[in-house]
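Below are the chains, spelled out letter by letter.
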Amino acid sequence: MKPLTDTDYIHTLIAEGEHQQQDFKFEISDARKIAKTLSAFANTDGGRLLIGVKDNGKIAGVRSEEEKYMIEAAAQLYCVPEVEYTMQTYIVEGRQVLVVTIEETLHKPVYAKDETGKPLAYLRIKDENILATPIHLRVWQQSDNPRGELIRYTEREQLLLDQLEHGTLLSLNRYCRQTGISRRAAEHLLAKFVRYGIAEPVFENHKFYFRMKGE
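For clarity, every value in this text was computed on a predicted model and none was experimentally measured.

Conventions and cut-offs
- Residues numbered from 1 in each chain as written.
- Predicted model: local features only at pLDDT ≥ 70, side-chain atom pairs only at ≥ 80, totals over all residues.
- Heavy atoms only, no water.
- Salt bridge = Lys/Arg side-chain N within 4 Å of Asp/Glu carboxyl O.
- Helix = DSSP H or I, 4+ residues; strand = E, 2+ residues; numbered from the N terminus.
- Buried < 20%, exposed > 50% of the residue type's maximum accessible area, 1.4 Å probe, protein only.
- UniProt positions renumbered as here; feature names shortened; annotations may be inferred.
- Arc of directions from axis to C-beta.
- Core = buried A, V, L, I, M, F, W, Y, C linked by side-chain atoms within 4.5 Å.
- Contact = heavy atoms within 4.5 Å.
- Expected span 1.5 Å × (residues − 1).
- Polar contact = N/O pair within 3.5 Å; in protein donor to acceptor, adjacent residues only side chain to side chain.
- Phe/Tyr/Trp six-rings, centres within 6.5 Å; stacked < 30°, edge-to-face > 60°.

## Comments concerning the pattern of salt bridges
Thought 1: Using the criterion set out here, one finds nine salt bridges in the structure.
Thought 2: In this structure, Glu16 engages Arg48 in a salt bridge whose closest nitrogen and oxygen atoms are separated by 3.2 Å. With a gap of 32 residues between them, Glu16 in helix H1 (residues 6-16) and Arg48 in strand S2 (residues 47-51) connect regions that are remote in the sequence.
Thought 3: Take Glu16: its relative accessible area is 44%, and that puts it in the partly exposed class.

See the structure below:
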């Protein structure tokens, strides 16, 4: 088999379209926006950024070296902690395409700073960067704590199980309303159920819901 040329390789990637592990960027004009994508990839399954490629898959090419510095700034200045990445340049149809690869991080979350410097963590769902919920943040924080934690079975745990066993998608608000427990306690408990594989988050209509795992 003859090795793939740059052109073949990039066209193969473009043919996949944008998805959970791939994003096209025509140009980089804002390092903060890129930091959001880097955070989302690092917090989910890792991914690839194709720079110099339009949303419709047309190759526009990278126009200046500046874009490489923008990626560096996004990864080092706007991501907390810093995001490790690799960058490779391919020449396709006489134009430069940058491929930036980000691995999934072991210690989540990776935050991206917004315009005010506030750190926000993102997830990659299909081809979108979605803000992680306080429950995701708690799952990550709990996972980083190596001490095993037993689920104490109280009325609260039983109530949550009953709600989940109805089989419908459960929102955090509805759970708080129906059980009368505080939002903080509800987030803690749901995070524990997610971490132990009892429940799982589901993203629908731009909102996160919860259901029994394996439903």
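## What to know about unusual backbone geometry
Thought 1: Of note, the amide linkage connecting Val80 to Pro81 takes the cis form, showing an omega dihedral of -10°.
Thought 2: Here Lys108 and Pro109 are connected by a cis peptide whose omega angle stands at 5°.
Thought 3: In this structure, Pro109 sits in the loop between strand S5 (95-102) and strand S6 (111-113).
Thought 4: In this structure, Lys126 is a non-glycine residue whose phi angle is positive, near 55°.
Thought 5: Considering the arrangement of structural elements, one finds Lys126 in the loop between strand S7 (119-125) and strand S8 (128-131).
Thought 6: Judged by its relative accessible area of 64%, Lys126 is exposed.
Thought 7: In this structure, His206 is a non-glycine residue whose phi angle is positive, near 60°.

## Some remarks on the UniProt feature "domain: Schlafen AlbA-2" (unreviewed entry) in the protein chain
Thought 1: The feature "domain: Schlafen AlbA-2" (unreviewed entry), as annotated in UniProt, sits at residues 18-130 in this numbering.
Thought 2: As annotated, residues 18-130 has a helix share of 21% and a strand share of 35%, and its two end C-alpha atoms lie 15 Å apart.

## Overview of H1
Thought 1: Ile10, Leu13 and Ile14 are the residues of H1 that are buried. Take H1 and look down its axis: the buried residues cluster within an arc of 100°, on one side only.
Thought 2: Taken from the residues just after H1, Gly17 is the one with a positive phi, measuring 75°.

## Side note on the nonpolar core
Thought 1: Leu38, Leu49, Ile51, Val83 and Ile102 are the most contacted members of the largest nonpolar core, which totals 25 residues.
Thought 2: Among the elements of the structure, helix H2 (31-43), S2, helix H3 (66-76), S5 and S7 are those that each provide at least two residues to this core.
Thought 3: Considering every element that reaches this core, the biggest residue donor is H2, with seven residues.
Thought 4: Those residues in contact with Leu49 that sit more than four places away from it in its chain are Asp23, Lys25, Ile34, Thr37, Leu38, Phe41, Leu98, Val99 and Val100.
Thought 5: In terms of nonpolar packing, the next biggest core, distinct from the first, is built from 20 residues, Leu161, Tyr175, Leu189 and Val194 among them.

## What to know about H2
Thought 1: Under the 1.5 Å per step criterion, the end-to-end length of H2 is 18 Å for 13 residues, consistent within 8% with the ideal 18 Å.
Thought 2: Among the 13 residues in H2, ten count as buried, and that is most of the element.
Thought 3: Those residues of H2 lying buried are Ala31, Ile34, Ala35, Thr37, Leu38, Ser39, Ala40, Phe41, Ala42 and Asn43.
Thought 4: Capping the start of H2 is the job of one residue whose side-chain oxygen sits 2.9 Å from the backbone nitrogen of Arg32: Asp30.

## Some details on the packing of aromatic side chains
Note on aromatic pairs: each is described by the distance of the centres and the angle between the planes.
Thought 1: The tally for this structure, following the rule as stated, stands at two aromatic pairs.
Thought 2: Where Tyr9 meets Tyr90, the ring centres are 5.2 Å apart and the plane angle is 45°; that geometry is what we call tilted. Taken together, the positions of Tyr9 in helix H1 and Tyr90 in strand S4 (residues 85-92) put the pair 81 residues apart, joining distant regions of the chain.

## Points about the side chain of Thr179
Thought 1: With respect to the secondary-structure elements, Thr179 resides in helix H6 (residues 172-179).
Thought 2: A distance of 2.6 Å separates a polar atom in the side chain of Thr179 from the backbone oxygen of Tyr175.
Thought 3: If near-sequence neighbours (up to four positions away) are discounted, Thr179 is found in contact with Leu159 and Gln163.

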